[in-house]
Amino acid sequence: MKKVFLCKEIEKDETRTALVPMDVKKLAAMGYELMVQSGAGASSGYSDEEYAAAGAKIVQAIEDGYAFADIVVRINKPESAAGLKRDTLHISSFDVFNEKPLLKEFAQAGVKLISLEMVPRTTLAQKMDIQSSQASLAGYYAVILAAARLPKIFPMMMTPSGTISPAKVFIIGVGVAGLQAIATAKRLGARVEAFDTRPVVEEQVKSLGAKFVKIDLGEMGQTEQGYAKELTPEQIKIQQNAQAKVCSQSDIVITTAKVFGRKAPLLVTRDMLAQMKAGSIVVDMAVSTGGNVEGSHPDEDVFTDNGVLIISGNTLERFVQRDASNMFSGNIFALLEHFWDNENKGLKVDISDEIMAGCLVVADGKVLRE
Ligand code: NAD
């Protein structure tokens, strides 16, 4: 397998591309043959000419790419497996927990499927981890977005005309996105507090110069992959009550609390929003998986009756698409490089490799690991 086709994204709001010319050039040098659908990089600032100069053949119709390729790459899952040849290796994000019928369709079409969210969280696989690369940019952008809408500035300012106190920012959920949000808010001069259910996070929060909010929820911990465990309804209630006061004193609250493969916990209720100051801003970065904030909406801003603005934190990496594409492409490049078999001059689907075993979700006509 060495013929790689990069598809143009079809989702209306998608701005990124899964491979950038720099990586196309490196793959071509390694021995891969590349074909790119015309316009694939346009919205992230890469022209067809740049892809051609990097060694790719440009085609207009997706059918031509499908006919050529034995590896197809894109950011988002396609609507169907139609047109893909048997034995094609399809690589994209896939939302495997919510797309069971589509997984079956891929299995029936005889296509092999790598779901990039399922890349294991190991040191070796870190460079292939799209969740981390995209979440760090999204965490940065959540702060920039909120800062631009806040009716006050972030840093403390002492001037002859008066003293301005620093903005107060509260980050709930300190994984990859939350850590970047803390770092960005600190750089802009805010006073930052944060909370996460995984106890290991406290040190990381402090090392960024932020304050860790202590809430005793009893038994918590994390999974082997480093993800949070799901809380009980009682624990969520304790967390809500303990956070209410911090939220009411904050100018910006950014929530990033997710539980892998499950619905996100509701952590900021209507009652808590009602106690916040007018002009405060809440960014819900878990909005696509059920939301951490009551009343948040994936596609639009919501104002509460008391003047709190709830911003959707859905796929914020799409606003910084140049860097997001570069990083996503770096992740795909690392994967294609890792599985390159120099003897046979092609990619080897090696199921004995722990990374492949983790992210290959369809093969041999079957959905693996139902
Ligand atoms: P995530 O997107 O699944 O969740 C975001 C954060 O929300 C997590 O920190 C989680 O603990 C937290 N959370 C969940 N429920 C919560 C609640 N009720 N209240 C407050 N916070 C809550 O997580 P993520 O950002 O993808 O990363 C999770 C961990 O995995 C991090 O420690 C990260 O460093 C680690 N990681 C490791 C690798 C690797 O080793 N290759 C790669 C990526 C991430």
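Fair warning: this is a prediction, and the values are worked out from it, not measured in the lab.

Rules and cut-offs
Numbering of residues starts from 1 in every chain and runs along the sequence as written. The predicted nature of this model means local features are confined to residues of pLDDT at least 70 and side-chain atom pairs, given and counted, to a pLDDT of 80 or more, with totals for whole chains, interfaces and linings taken over all residues. No hydrogens and no water enter the side-chain calculation; it runs on all heavy atoms of the structure. A pair of strands is considered paired only if DSSP assigns at least 2 bridges between the two. Helix and strand assignments follow DSSP, with helices taken as H or I runs no shorter than four residues and strands as E runs no shorter than two, numbered in order from the N terminus. Think of it in three bands: with a 1.4 Å probe and only protein chains considered, a residue is buried below 20% of the maximum accessible area for its type, exposed above 50%, and partly exposed in between. The rule for a residue being near a molecule or strand is that one of its heavy atoms must lie within 4 Å of it. Each polar contact in these results corresponds to two N or O atoms within 3.5 Å; when the atoms are within protein, one needs to be able to donate a hydrogen and the other to accept it, and residues that are neighboring in sequence are counted only if both atoms are side-chain atoms. Here the accessible surface of atoms and residues is derived via Shrake-Rupley with a 1.4 Å probe, and residues count as covered only by protein chains that are part of the display. Under the scheme applied, nonpolar residues are Ala, Val, Leu, Ile, Met, Phe, Trp, Tyr, Cys and Pro; charged residues are Asp, Glu, Lys and Arg; polar residues are all the others, including Gly. Should a side-chain nitrogen of Lys or Arg be within 4 Å of a carboxyl oxygen of Asp or Glu, the pair is scored as a salt bridge. Contacts are residue-level and defined by heavy atoms, with any inter-residue pair within 4.5 Å sufficient. Here the axes come from fitting lines to C-alpha atoms, over the contacting stretch only for helices, and the angles between their N-to-C directions go from 0 to 180 degrees. Two distance rules govern patches: like charges are joined within 9 Å, and nonpolar side chains (Val, Leu, Ile, Met, Phe, Trp, Tyr) within 5 Å, applied only to residues with over 30% relative accessible area and no salt bridge. Note on terminology: pairs of cysteine sulfur atoms within 2.5 Å are recorded as disulfides.

## So, the sheet that holds strand S6 (residues 112-115)
Taken together, the eight strands give an open sheet; going across it, the order is S3-S2-S1-S4-S5-S6-S18-S19, and neighbouring strands pair in mixed fashion. With partners counted over all chains shown, the strands left at the sheet margins are strand S3 (56-59) and strand S19 (366-367), one partner each. Bridging between S6 and strand S18 (residues 360-363) involves two bridges; their strand directions are antiparallel. If you follow Ile114 over to S18, its bridge partner there is Leu360.

## Structural notes on the pairing of strand S12 (residues 252-255)
Side chains Ile252 and Ile254 of S12 all project onto a buried face; the interleaved residues Val253 and Thr255 project onto the opposite face, where all are buried too. As paired elements, strand S9 (residues 168-172) and S12 share four bridges and run parallel to each other. Within S12, the residue paired with Ile172 across the bridge is Thr255. The sheet contact formed by S12 and strand S13 (residues 281-284) spans four bridges and is parallel. Note that in S13 the partner of Ile254 across the bridge is Val283.

## Here's the deal with the pairing of S13
Of the two faces of S13, the one carrying Ile281 and Val283 and the one carrying Val282 and Asp284 are both buried. Note that S13 and strand S15 (residues 309-312) share four bridges and pair parallel. Within the sheet, the bridge partner assigned to Val283 lies in S15 and is Ile311.

## Quick look at unusual backbone geometry
The phi angle at Asp87 is positive, at roughly 75°, despite the residue not being glycine. Assignment of secondary structure puts Asp87 in the loop between strand S4 (71-73) and strand S5 (89-92). The class of Asp87 is partly exposed, set by a relative accessible area of 47%.

## Brief notes about the site of the ligand
Lining the immediate environment of the ligand, one finds 23 residues, of which Arg121, Ser132, Val176, Asp196 and Arg198 sit closest. Here an oxygen atom of the ligand sits 2.7 Å away from a polar atom, N or O, in the main chain of Val176. Between an oxygen atom of the ligand and a main-chain N or O atom of Lys258, the distance comes to 3.5 Å. In isolation the ligand offers 830 Å² of accessible surface; the protein chains occlude 87% of this area. Grouping the constituent residues of the shell around the ligand by class yields nine nonpolar, nine polar and five charged.

## Structural notes on the pattern of salt bridges
With the rule as written, the count across this model stands at 18 salt bridges. Where Arg318 meets Glu11, a salt bridge forms, and the shortest distance between an N and an O atom there is 2.7 Å. Taken as a pair, Arg318 in the loop between S15 and helix H10 (321-338) and Glu11 in the loop between strand S1 (3-6) and helix H1 (21-30) lie far apart in primary sequence, 307 residues in all. Judged by its relative accessible area of 12%, Arg318 is buried. Judged by its relative accessible area of 39%, Glu11 is partly exposed. Note that Lys277 and Asp251 form a salt bridge whose closest N and O atoms lie 3.5 Å from each other. Taken together, the positions of Lys277 in the loop between helix H9 (270-274) and S13 and Asp251 in the loop between helix H8 (233-249) and S12 put the pair 26 residues apart, joining distant regions of the chain. Relative accessible area serves as the criterion here: at 10%, Asp251 is assigned to the buried category. Linked through salt bridges whose partners overlap, the residues forming this network are Glu11, Glu14, Arg16, Glu317 and Arg318.

## Some thoughts on the sheet that holds S12
By way of backbone hydrogen bonds, the strands of a sheet pair with one another, either parallel or antiparallel. The strand order across the open sheet formed by seven strands is S11-S10-S9-S12-S13-S15-S14, and the pairing between neighbours is mixed. Across the chains shown, the open sheet's two edge strands, defined by having one partner strand only, are strand S11 (211-212) and strand S14 (302-303). Pairing analysis gives two bridges linking strand S10 (residues 191-195) to S11, with the strands arranged parallel. Directly across from Glu193, in S11, lies its bridge partner Lys211. Contacting S9, S10 and S12, H8 runs over the sheet at an angle of about 155° to S9.

## Remarks on a nonpolar patch on the surface
Taken together, the side chains of Ile153, Met157 and Ile164 present a nonpolar region at the surface, about 220 Å² in accessible area. Structurally, the position occupied by Met157 is in strand S7 (residues 157-159).

## Quick notes on the state of the cysteines
Working definition of a disulfide: a covalent bond connecting the sulfur atoms of two cysteines. Applying the stated rule across the entire model yields zero disulfides. Here Cys7 stays free of any disulfide, with the sulfur of Cys359 as its closest cysteine sulfur at 18 Å.

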